[in-house]
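Each chain, written out:
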Amino acid sequence: MNHDSVPLDNTLVDGAESLGERLRTQGLTMASAESCTGGWIAKVLTDVAGSSAWFSGSIVSYSNAVKERALGVTTDALNTHGAVSEAVVGQMAVGALGALNVDCAVSVSGVAGPDGGTADKPVGLVWMAVALGPACQSISADYPQIITEKHHFVGDREAIRRRAVQAAVRLLGTSLDKNT
């Protein structure tokens, strides 16, 4: 997906406010697990007045060691797929769900640049996931539902990270719309 034509500043604020209102009215709580965004999702969400009613916290897991220790990402997933992968962001989201005892969680891992890109994982590649616990699912289940998205954003480091925040907030909102 590519959302490069969307105005970013208003979209971040509007997206956070909209998501917060949805969570508040449904009585749900959320958390984030962030790598390349470095806590920016948490910052955008906590800029919303009253966010403490629905936002519990964030785990910034920039290193693989923190992904493993704090979020329960497996060494096997990291070694087999790498930190920027569908498998790892899924485990990050599920880990945040449990570690922060929330109803839903969003996670992000990517290559923001300007260095670090490879042929397989170029600068701008960002994986994100949402984990929806039982309170967020229309069909009763004891396990979290995981929704993932892969993006390739263009721009400098700041633009890639900003677009990742925007897309992650949107992904959680649309996932809730489809499942609650």
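As a reminder, the structure under discussion sits directly above these lines.
Here goes a summary of the coordinates provided. (Residues numbered from 1 in each chain as written. Predicted model: local features only at pLDDT ≥ 70, side-chain atom pairs only at ≥ 80, totals over all residues. Heavy atoms only, no water.)

Remarks on the pattern of salt bridges
Line of reasoning, step 1. Here the structure, examined in full by the defined rule, presents 5 salt bridges.
Line of reasoning, step 2. With its nearest N and O atoms 2.6 Å apart, the salt bridge here joins Glu21 to Arg24. Linking Glu21 with Arg24, this pair stays in helix α1 (residues 8-26), spanning 3 residues, or about one helical turn.
Line of reasoning, step 3. Given a relative accessible area of 47%, Arg24 falls into the partly exposed group.
Line of reasoning, step 4. Across the pair Asp177 and Arg22 runs a salt bridge whose closest N-O atoms are separated by 2.8 Å. One end of the pair, Asp177, is in helix α6 (residues 157-179); the other, Arg22, is in helix α1, and 155 residues separate them in sequence. (Salt bridge = Lys/Arg side-chain N within 4 Å of Asp/Glu carboxyl O. Helix = DSSP H or I, 4+ residues; strand = E, 2+ residues; numbered from the N terminus. Buried < 20%, exposed > 50% of the residue type's maximum accessible area, 1.4 Å probe, protein only.)

Points about the pairing of strand β1 (residues 30-34)
Here is the key point about a regular strand: its side chains alternate between the two faces of the sheet.
Line of reasoning, step 1. Of all 5 residues in β1, 5 are buried, a share of seventy percent or more.
Line of reasoning, step 2. Along β1, one buried face is formed by Met30, Ser32 and Glu34 and the opposite face, lined by Ala31 and Ala33, is buried too.
Line of reasoning, step 3. By the bridge criterion, 5 bridges tie β1 to strand β2 (residues 55-60) in an arrangement that is parallel. Across the sheet, Met30 pairs through a bridge with Phe55, a residue of β2.
Line of reasoning, step 4. Taken together, β1, helix α2 (residues 40-46) and β2 constitute a β-α-β crossover, and its handedness is right-handed.
Line of reasoning, step 5. As paired elements, β1 and strand β3 (residues 104-110) share 5 bridges and run parallel to each other. Note on β3: the bridge partner recorded for Ser32 is Val106. (Pairing = 2+ DSSP bridges. Right-handed = clockwise from strand over helix to strand, strands pointing away.)

Notes on the sheet that holds β3
Line of reasoning, step 1. Here we have 5 strands laid out as an open sheet, ordered β2-β1-β3-β4-β5, and mixed in their pairing. Every interior strand has two partners, whereas the edge strands, β2 and β5 (145-152), have only one. Averaged over all pairs of adjacent strands, the angle between their axes in this sheet comes to 15°, without regard to strand direction.
Line of reasoning, step 2. When strand β4 (residues 125-132) meets β5, the two strands line up antiparallel, connected through 8 bridges. Residue Val130 lies in a different strand from β5, and its bridge partner there is Ile147. (Axes fitted to C-alpha atoms, helices over the stretch in contact; angles between N-to-C directions.)

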